[in-house]
Amino acid sequence: MRIPVDPSDWLILIPEFILLGTAIAILMIDAFAKAASDRSSPWISLAGTAGAIVAAVFLWGNPLSGFGGMIVNDDFGVLVSTAILTGTALAVLISVDYVRREELPAGEYYALILLSTIGMLLMVSSANLIMIFLSLEVLSIALYVLTGFARMRPRSQEAGMKYFLLGSFSAAILVYGVALIYGATGTVDLQSIADELISPGVLGNPVLLAGAGLVLVGLGFKVAAVPFQMWTPDVYEGAPSTVAAFMSIGSKAAAFAALVRVLIFAMGGLRPEWLAAVWVIAALTMTVGNLVAIAQDNIKRMLAYSSIAHAGYILVAVAAANRLGLQSIPFYLIAYAFMNLGAWAVVTAVTRKGEEAVGLSDYSGLFWSHPVLAGSMGLFMFALAGIPPTAGFTAKIYVFMAAVAADMIGLLIIAIVTTIISAYFYLRVTVIMFMERPAEPPVVTVPTPLAVAIAVAAAGTIWLFLFPGVTQSFTDTVARLL
Amino acid sequence: MFTYAWLVPGLPLLGTIINGIFGRFLPRKVVGTLASALVGGSFLVSVAVFIQLLGLPEEERHVTSALYTWISAGNFFAEAGILIDPLSVFMMLVVSGVGFFIHVYSTGYMGHDEGYSRYFTYLNLFAASMLILVMANNFLLLFVGWELVGICSYLLISFWYSRPSAVAAGKKAFITTRVGDLGFTLGVVLIFVAFGTLAYDQVFAAAGEVATGVITAITVLLFIGAIGKSAQIPLYVWLPDAMEGPTPVSALIHAATMVTAGVYLVARASPLYVHAPGVLLIVAFVGAVTALFAATIALVNNDIKRVLAYSTISQIGLMFLGVGVGAFAAGLFHLLTHAFFKALLFLGAGSVMHALAGETDIRNMGGLRGKMQVTYWTFLVAGLAIAGIAPLSGFFSKDEILAAALTAPGGHWLLYALGLAASLLTAFYIFRLFFKAFHGEPRMSAERLERAHESPPSMTVPLVVLAIGAAVAGFVGVPGFLAPEAGWTHAVAHFLEPGLAREPLVEAELPPAIGVMLMLIALAVGIAGIAAAWHFYVRRPGTAARLAQRAPAVYNTLLNKYWVDEAYNALFVRPGKALAAFFWRGIDAAVVDGFVNGVARAVAGLSLLVRRTETGYLRNYALAIFAGAVVLVGYLISTR
């Protein structure tokens, strides 16, 4: 098959190309001037990310489709890309000191972060099942390496290996699903699939349904939906914290974008069939994520379960598949980027004997020695729990409204009950920080880049609560895509 | 057009942020000056808004500016917007103007306090909250301001948190007003249910189309909220205890913020209230009874600040009497004059306490006249104003309320009689306070008398400015019938009335003869009260004690404030605590904790189970994915 390429098609990929150029530049500097690269690569990547954000914003309100319809630019994609790039920029900021402290090879680290981001952005813009698979691989392979990047730590290596094997396994399932869908419809183009669904022969085809199920498994793995979530705590715990922070935003956001494109845009006609499945997965994900998080005393594992639980809430919006749902997904992802990265940023700041202090008890009385840091952590915990005045509250409200509009009262009740349960373990962190006296205070280092990241995350968390309208006027246009 | 008006609450809010974060590191001078200057700035902006508003033709003086859409999901839509109309501008001027002088005064009064920056953080937030409350263009934002005011009062009343009595008072204020807030919240929810919107414009425009029963319910619920915030019967008990806070805070609560919120609410919602005349009658009676009731308690109390607290309750009662009979402008006019003389009385009391090392018992005062000239004269002005002596401000506003109580269509002679009796007692108790503090023999220790001194200029200058206000503020509301040929008009009423609902309650124009007669009666009552106080405490000291001996039952009832606190304790607090204890031991500890512990145990068991699956073995994880895939695909295929 020949793919017609119009010169203007390249416009769509400007953010990706900016990141690619930045990554190559970092690798070149790293190859020829190692010392300079250690110092400069975080700032170069930050500049590249900023450039990509500007380019992405430039593409706003300018629906484009290129490369024979394989890549699209729409407002939904731009918003999710913004969430991903925000996450990347914040992750780079919190990495500056971390990479130095852990003596990770800086050039490779930042280059891999950028390469993975490229995969995420491509996935967001994919309008074709093959593109979704390819970009999934691009983002994943860089992440596998990053997960095992702390080569001196066996846990990091183990996590990297596990992530790689399970990721490959689920990617294989995804490809198999793509093959089945192609078999049933004769196309891998999402728009054509949607058109095909009109004919009754295709609609009830078990091959198509099986393919849809397998694609759902592959993407469910990436967003960490139950029962495909088991890798998450192990990988988040073993991976360098900055990498865990990065992937908890980016790969989740990218996979959700693909999920929306496949389930809602392409297979919206099959909603009666897939609704119950997504409903059950969302309910399980919220319940298991929040319930098991209670039992954790390792903050990294707790945040891993928290990220599983949040995937469940976004799945509620996917299941709703209405305008409000479509609006709430980018909003939720952007809010989540701020509040979750903020929490991870604090985690990297608290150390003991040169190691990250990951036990919840390490945070006891943190407020009394570091009031601002503990206050920020408290804010992020409130946000993740969905308590005002934070973005987490607004994001959950939108999702709940979408569930109401879709008449999914049962799922709404589960979402609300699990939100209440989640308050327990989020607020426990706050209680430990504010109400307990420290036995032996941990070492807290907050270098300027980290402080900036925390400040930006905190400001974003509050800003999106006070002025959700700004984002919302954007998400309004997203809703028109339905 | 008035978008810049967001600066009015914005400036004090900025002060809260700056002082809240950096206050600890800044010199005191910067903290206090910044806080005062920002409130002063918000006053100047209010003045600019006022002037611009006056430039508009009367029927266009109602401008809504949407600042931004806060949330819109489905059919629920909430925007943060400000409404500039005569009523909100009037309140902005009072709040920021009086608030400014209280800030300046505080820089002196709190000068030596440890929590200086914390104090100004709260004080600025208090002013900002109240400004949000009065400027909102919808009930949701009003609710935000309403709640913020509640939390600020709690923070400031229990400002000296190491004193158990202050903490208890803060709690009492918060919990008591909470009872009212519940009514208010329900009222707002009911408005949304009935009208489908919370924006003032749309709600008020549709007021006539909603069933009378619903309007009655809404207005009663809103009034319950007003009762709590404005300290009326039966929810007034928190206000006297609120004296535990620093004195300028009392001045702010009593004169400019918080307690006036209830009056504002009824006036703002006047388009709803006019459709519920029965509720208005309740408002008027609650106000009139409270006015008299609180005044009787003030007669015998010996704490200078508590007398003023009961005086506030009584005066707010008069305002509710005014709005209750449909004379919304008169009630608001009294709010204005009261802001001046009550702030002045409190700051004067604070000045006295400052001189006497915190003494508040008037039995230990006396003879301070020579020691503090400025405080003495300004206090006298305030006393004459509240007693209703012409031509000071209180005279005009009080007279107008009393006249309306008698002659307005919603009025009643009983309301007039209650108000008149309250006025008589007011003149008496305020001059009892005045004579006992400043005249007669000094009753404090010689050492204290020695040290008694006039307060610093940061405190006396606000006293003088407020005294001028208390003296002349009444002239903006001189009734037109006094000199119609000179073109005198009632400026306040003229300014405010286009924004207030009047149609169903058109006031009968008062014939000048009756108007003048009512004025003379009010004046005579005021003079009689003062004369009685003079007779009791200056000419024949000891008269009061003999009177108390002759009627000990009455005296003790008043001295113990009708045992209302005791009754509330027995009726609500103790049963409430018993109920709480029952819920704690019987329900919470046994059932809820049992359930929670059960859940926790179940979770622990579950987490054990999950841990068993979380073996760390890849093959198990892969199996889970595979099993999930099989079930999912199996289900999907089965749907066809």
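Scroll up a little and you will see the structure.
Residues numbered from 1 in each chain as written. Chains lettered and ligands numbered in written order. Predicted model: local features only at pLDDT ≥ 70, side-chain atom pairs only at ≥ 80, totals over all residues. Heavy atoms only, no water.

A. Examining the overall build of chain A more closely. On a plain count of helices and strands, chain A comes out with 20 helices and five strands. Relative to the 2.2 N^0.38 estimate, which gives 23 Å for 482 residues, the radius of gyration of chain A is 21 Å and therefore close to what a compact globule would have. The 482 residues of chain A split such that 64% are buried. Sequence-distant contacts, at least 24 apart, represent 81% of the contacts inside chain A between residues at least 6 apart. (Helix = DSSP H or I, 4+ residues; strand = E, 2+ residues; numbered from the N terminus. Rg over C-alpha atoms; globule rule 2.2 N^0.38 Å. Buried < 20%, exposed > 50% of the residue type's maximum accessible area, 1.4 Å probe, protein only. Contact = heavy atoms within 4.5 Å.)

B. Highlighting the overall build of chain B. Check the secondary structure of chain B and you find 26 helices and two strands. At 28 Å, chain B has a C-alpha radius of gyration in line with the 26 Å of a compact globule built from 640 residues. The principal-axis extents of the C-alpha atoms in chain B amount to approximately 100 × 60 × 50 Å. Across the 640 residues in chain B, those meeting the buried criterion constitute 55%. Total accessible area on chain B is roughly 25,000 Å²; 69% of this is exposed by carbon and sulfur atoms. Of the side chains in chain B, 37 bear a positive and 32 a negative charge, and the two mean positions are spaced by 13 Å. (Areas by Shrake-Rupley, 256 points an atom, 1.4 Å probe, with all protein chains shown as cover. Lys, Arg positive; Asp, Glu negative; His and termini not counted. Charge placed at Lys NZ, Arg CZ, Asp CG, Glu CD.)

C. Quick look at a positive patch on the surface. On the surface, Arg539, Arg540, Arg546 and Arg550 of chain B cluster together into a positively charged patch. Considering the arrangement of structural elements, one finds Arg546 of chain B in helix H23 (residues 543-550). (Patch = residues over 30% accessible without salt bridge, like charges linked within 9 Å, V, L, I, M, F, W, Y side chains within 5 Å. Salt bridge = Lys/Arg side-chain N within 4 Å of Asp/Glu carboxyl O.)

D. Local environment of helix H11 (residues 259-268) of chain B. With 10 of 10 residues buried, H11 of chain B is to be regarded as a mostly interior element. Listing the buried residues of H11 of chain B in full gives Val259, Thr260, Ala261, Gly262, Val263, Tyr264, Leu265, Val266, Ala267 and Arg268 of chain B.

E. Quick look at the packing of helix H16 (residues 371-385) of chain A against helix H19 (residues 448-466) of chain A. Residue and element names in this part refer to chain A. Axis separation between H16 and H19 bottoms out at 10 Å; the angle between their running directions is 40 degrees. The orientation of H16 with respect to H19, classified from their angle, is oblique. Crossing geometry of H16 relative to H19 is assigned as left-handed. Contact with H16, carried on its side by Leu373, Ser376, Leu379, Phe380 and Ala383, involves Ile454, Ala457, Ala458, Thr461 and Ile462 of H19 and no other residues of that element. Here the residues of the contact of H16 with H19 sort into eight nonpolar, two polar and no charged. (Axes fitted to C-alpha atoms, helices over the stretch in contact; angles between N-to-C directions. Parallel < 35°, antiparallel > 145°, perpendicular 65-115°, else oblique. Left-handed = near helix turned anticlockwise from the far one by under 90°. Nonpolar A, V, L, I, M, F, W, Y, C, P; charged D, E, K, R; others polar.)

F. Quick look at helix H5 (residues 139-157) of chain B. All names here are of chain B. A rise of 1.5 Å per residue sets the reference length of H5, with its 19 residues, at 27 Å; its end C-alpha atoms lie 26 Å apart and thus fit the reference within 8%. Every buried residue belonging to H5 is among Phe139, Leu142, Gly145, Trp146, Glu147, Val149, Gly150, Cys152, Ser153, Leu156 and Ile157, and all of these are buried. Backbone nitrogen of Leu140 and a side-chain oxygen of the N-cap are separated by 2.9 Å at the start of H5; the cap is Asn138. (Expected span 1.5 Å × (residues − 1). Polar contact = N/O pair within 3.5 Å; in protein donor to acceptor, adjacent residues only side chain to side chain.)

G. Quick look at the pattern of salt bridges. Residue and element names in this part refer to chain A. This model, assessed by the stated rule, comprises 16 salt bridges over all chains. A salt bridge links Asp30 to Lys34; its shortest N-O distance comes to 3.5 Å. Residue classification places Asp30 among the buried positions, given a relative accessible area of 10%. Note that Asp38 and Lys34 form a salt bridge whose closest N and O atoms lie 3.7 Å from each other. Taken together, the residues Asp38 and Lys34, both in helix H2 (residues 34-58) and four residues apart, mark about one turn of the helix. Exposure remark for Lys34: the relative accessible area of 43% places this residue in the partly exposed category.

H. How the structure looks around the packing of helix H16 (residues 373-387) of chain B against helix H20 (residues 457-472) of chain B. Residues and elements named next belong to chain B. At a closest axis distance of 9 Å, the pairing of H16 and H20 adopts a crossing angle of 25 degrees. With respect to their mutual orientation, H16 and H20 come out roughly parallel. The two elements H16 and H20 cross, and the hand of that crossing is left-handed. In this structure, H16 uses Val374, Thr375, Thr378, Val381 and Ala385 to contact H20, whose residues at the interface are Thr460, Leu463, Val464, Ala467, Ala470 and Ala471. A breakdown of the residues in the contact of H16 with H20 according to their chemical character gives eight nonpolar, three polar and no charged.

I. Structural context of empty space enclosed by the protein. Residues and elements named next belong to chain A. In this structure the tally under the stated criterion is eight cavities of 30 Å³ or more. The space that makes up the largest cavity amounts to roughly 120 Å³. Along its surface, the largest cavity is lined by 15 residues, and Leu59, Asn73, Gly77, Ser81 and Ser125 are the ones closest to its centre. For the lining of the largest cavity, the secondary structure elements donating two or more residues are helix H1 (14-32), strand S2 (71-73), helix H3 (75-101) and helix H4 (106-125). (1 Å grid on protein atoms, 1.4 Å probe; cavity = no way out; pocket = protein on both sides within 12 Å on 5 of 7 lines; lining within 4 Å. Points joined across faces, edges and corners; volume = space filled by probe spheres on them.)

J. Representation of the packing of aromatic side chains in the model. Residue and element names in this part refer to chain A. All told, the structure shown has 37 aromatic pairs over all chains when counted by the stated rule. Note on Phe331 and Tyr398: the rings are 5.1 Å apart at their centroids and 85 degrees apart in plane angle, and the pair reads as edge-to-face. With Phe331 in helix H14 (residues 323-349) and Tyr398 in helix H17 (residues 391-405), the pair connects residues that are 67 residues apart, well separated along the chain. Assigned by exposure class, Phe331 and Tyr398 land together as buried. (Phe/Tyr/Trp six-rings, centres within 6.5 Å; stacked < 30°, edge-to-face > 60°.)

K. The arrangement of the sheet that holds strand S5 (residues 443-444) of chain A in detail. Residues and elements named next belong to chain A. If you trace the three strands from one edge of the open sheet to the other, you get S4-S3-S5, paired in antiparallel fashion. Since the sheet does not close on itself, it has two edges, and those belong to strand S4 (355-356) and S5, each with one partner. Inspection of the sheet shows strand S3 (residues 350-352) paired to S5 by two bridges, in the antiparallel sense. Considered in S5, the bridge of Val350 is made with Val444. Sitting on the sheet, H14 touches S3, S4 and S5, and the angle it makes with S3 is about 25 degrees. (Pairing = 2+ DSSP bridges.)

L. How the structure looks around a nonpolar patch on the surface. Taken together, the side chains of Ile3, Val5, Trp10, Phe17, Leu20, Ile24, Met28 and Phe32 of chain A present a nonpolar region at the surface, about 780 Å² in accessible area. Looking at the secondary structure, you find Phe32 of chain A in helix H1.

M. The interface of chain B and chain A, seen in detail. Counting residues at the interface gives 30 residues for chain B and 45 residues for chain A. Sorting the residues of chain B by area buried against chain A places Trp70, Ile625 and Leu636 of chain B first, and these three jointly supply 19% of that buried surface. Our count for the chain B to chain A interface comes out at zero salt bridges. On the surface where chain B and chain A come into contact, there are one residue pair in polar contact (both at pLDDT 80 or more). (Buried area = accessible area lost by both parts, 1.4 Å probe.)

N. Focus on the layout of surface pockets. All names here are of chain B. Quantified by volume, the second largest pocket comes out at close to 740 Å³. Around the second largest pocket, the lining is made up of 21 residues, and of these Lys172, Ile175, Thr176, Phe572 and Val573 lie nearest the centre. Every element with two or more residues in the lining of the second largest pocket is listed here: helix H6 (164-195) and helix H25 (564-613). Broken down by element, the lining of the second largest pocket gets its largest block of residues, eight residues, from H6.

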